[in-house]
Amino acid sequence: MGRWTNFRDNPFRIVFHQRMPKPHRLPNVDEQTVLKDLQVRLISPAERTRWNKLVRQHHYLKNACLVGEQLRYAVTDAKGTWLALMGWSAAALHLKARDQSIEWSERQREGRLHLLAQNSRFVILVQRQQFPNLASRAMSLCLKRLSADWQQHYHHPLVMVESFVDRQHFQATAYKASGWQPLGYSSGFKRVAQDFYQRHDQPKELWVRELDRRAWRWLRAKQLPPHLARYEKATPPACALETRQMRSLLDRFNQVDDWRQRIGKRHRLSAVLAITALACLSGVGQGYRAVSRFAKRLTKLQRRALRCWIHPDTGKSQVPSEAVFQRVLHLVPRDQIEAIVLPWQNELLGPVPATDAVVIDGKEVRGGDVMLVNAIAQPSQRLLGVEAVDNKTNEIPTARTLIQRLDLTGKMVQLDGLHTQHQTVHQILYEKGADYSLILRKNQPTLLKTAQQLLPADLPPCTGENH
């Protein structure tokens, strides 16, 4: 019979423990000698092809691919014969049973997930009846060294491990014997890339094991202990604006005409655009995925202020997915958005400082095929204008279009070497009444040579390839 045990660290978390499984038979003298001298070692780079081939041959998934941070081990006898193989990879991004058991917040999960690893592959190469207890002994030996090996390769330790067991094929005997605990079943997805999952509709049982008995308490703690705190990843910033400011931005985006079809539309266009603007103001970085992750960290009050879609079944406010942000931002009328955002920015932060320089640079939106040329005031980092690069042209004429509609009188305009063009300089200097700072590179060999001959040797910067 099993028994229910309350954990000391959390008296409300109850986990069902099963008795230690009994082997079908005890190992004989020769087998006991092999098990006593069992060794677990990391494979060398030259052995990886052999390791992958054997895993594909013997593992029921017929796949040797591991995701994210990963280590591969060989379990050998004293003579070096491979008896079993083990592969460890990055932990799953989202596991309901695991995350609820740990009781960590979303931000804690993002910052501490790398302290967990997953036993993705475990292959016994010999007949299972040949060496009783081989799997459990190999697992125990590997777990003793796993965190130290991870520290050496990826510069951070591990405090807990997880694995999935397909109960249609296996009884999880080795995990039970090695002190692992079942937490529930997965939702039927497999991880096929760093951030991508594919449904397979075959839920598997989730097993976990702490590498330190305090792991549960550490992972859910408000602050990690000092020896782990330095490994916690910095999570992207959350939205710090007041709900009153959010509403003012939302009201302005209500002026944008929604071009989307009504069928299947859940999220208000104004909410999608407002969340994107707030993400940019919070400094979350580039890309649709970064905006999507920022949206998921919005609080209930913030979601309510942004009038996010309410799921009819749960009654909870839902934020747009990454795909929604990508579709909307790919087709949004940028001139209309700029006309709304710039006055709101100036109303919130005040006029752009007169002493700021103007930096013009092109950036490709991460995760898409959109190229933009931006004008940013420095050092205040205030947006002055954005121009999309048409597929039939490039950054150079697009930057001139942007310069033409900016007020640059008395400003210092800075551009990279791509824009070191006579027409661009003429436009900045004589048409807009501004000064310019450009970079000379080998793409302008004649001009570069002239500058090297005429400029004083002590004029900075005067070394290297750029002048």
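Bear in mind the structure is a predicted one, so any value in this text is a computation, not a measurement. (Residues numbered from 1 in each chain as written. Predicted model: local features only at pLDDT ≥ 70, side-chain atom pairs only at ≥ 80, totals over all residues. Heavy atoms only, no water.)

K.L.:
Explain the overall build of the protein chain to me, using residue names and the numbers behind them.
P.N.:
Broken down by element type, the protein chain carries 17 helices and 18 strands. Taking contacts inside the protein chain between residues at least 6 apart in sequence as the whole, the part at least 24 apart equals 64%. Summed over all atoms, the accessible surface of the protein chain reaches about 26800 Å², with 51% contributed by carbon and sulfur. (Helix = DSSP H or I, 4+ residues; strand = E, 2+ residues; numbered from the N terminus. Contact = heavy atoms within 4.5 Å. Areas by Shrake-Rupley, 256 points an atom, 1.4 Å probe, with all protein chains shown as cover.)

K.L.:
Tell me what's going on with the packing of helix H10 (residues 269-281) against helix H11 (residues 288-296), and back it up with residues and numbers.
P.N.:
Two quantities define a packed helix pair, namely the angle between the helix axes and the distance between the axes. Following both chains from N to C, one finds H10 and H11 inclined at 100°, their axes separated by 9 Å at the closest point. One finds that H10 runs roughly perpendicular with respect to H11. For the pair H10 and H11, the contacting residues are Ile-275, Thr-276, Leu-278 and Ala-279 in the first and Val-291, Phe-294 and Ala-295 in the second. (Axes fitted to C-alpha atoms, helices over the stretch in contact; angles between N-to-C directions. Parallel < 35°, antiparallel > 145°, perpendicular 65-115°, else oblique.)

K.L.:
Could you give an account of the environment of Gln-444, naming the residues involved and the relevant values?
P.N.:
Locating Gln-444 in the fold gives a position in the loop between strand E18 (435-437) and helix H17 (445-454). When sequence neighbours within four positions are dropped, the list of residues in contact with Gln-444 reads Thr-420 and Gln-421.

K.L.:
Kindly report on the sheet that holds strand E17 (residues 412-414), identifying the contributing residues and their values.
P.N.:
Taken in spatial order, the 5 strands make up an open sheet running E16-E15-E14-E17-E18, and their pairing is mixed. Looking at the sheet topology across the chains shown, the edges are occupied by strand E16 (382-388) and E18. Averaged over neighbouring strand pairs, the angle between their axes works out to 25° when direction is ignored. Note: strand E14 (residues 357-364) against strand E15 (residues 371-378), 8 bridges, orientation antiparallel. Within E15, the residue paired with Asp-361 across the bridge is Asn-374. Those strands touched by helix H14 (residues 334-349) are E15 and E16, and its axis lies near 175° from that of E16. On top of the sheet, helix H15 (residues 395-404) reaches E14, E15 and E16; it is set at about 45° to E15, its chief contact. (Pairing = 2+ DSSP bridges.)

K.L.:
So, the side chain of Asp-149: which residues are in play, and what are the values?
P.N.:
Among the secondary structure elements, Asp-149 is positioned in helix H5 (residues 134-154). There is a polar contact of 2.6 Å between the side chain of Asp-149 and the side chain of Arg-145. Residues within four places of Asp-149 in sequence aside, it is in contact with Leu-42, Leu-71 and Tyr-73. (Polar contact = N/O pair within 3.5 Å; in protein donor to acceptor, adjacent residues only side chain to side chain.)

K.L.:
Outline the packing of H11 against helix H13 (residues 322-331), supporting the account with residue identities and numerical values.
P.N.:
Where H11 contacts H13, the axes come no closer than 8 Å and their chain directions differ by 125°. With respect to H13, the element H11 is oriented oblique. Of the two elements, H11 crosses H13, and the hand of that crossing is right-handed. Contacts between H11 and H13 involve Tyr-288, Arg-289, Val-291, Ser-292 and Ala-295 from the first element and Glu-322, Phe-325, Gln-326 and Leu-329 from the second. (Left-handed = near helix turned anticlockwise from the far one by under 90°.)

K.L.:
Could you give an account of the sheet that holds strand E11 (residues 205-210), naming the residues involved and the relevant values?
P.N.:
Strand pairing in a sheet takes place through backbone hydrogen bonds and is either antiparallel or parallel in direction. Taken in spatial order, the 7 strands make up an open sheet running E3-E4-E5-E6-E7-E11-E8, and their pairing is mixed. Each having just a single partner strand, strand E3 (39-42) and strand E8 (181-185) make up the two edges of the open sheet. Here the strands of the sheet are splayed against their neighbours by 30° on average, with no regard to which way each runs. Pairing of strand E5 (residues 82-90) with strand E6 (residues 116-124) involves 7 bridges; the strand directions are antiparallel.

K.L.:
Break down unusual backbone geometry for me, citing the residues and quoting the values.
P.N.:
The amide bond that connects Gln-378 to the next residue, Pro-379, takes the cis arrangement and shows omega of 15°. For Pro-379, the position within the fold is in the loop between E15 and E16. Positive phi, normally seen in glycine, also occurs at Glu-103, with a value near 65°. Inspection of the secondary structure puts Glu-103 in the loop between helix H3 (96-102) and helix H4 (106-112). In the Ramachandran plot, Gln-381 falls in the positive-phi region, its phi being about 60° despite a non-glycine side chain. Mapping Gln-381 onto the fold places it in the loop between E15 and E16.

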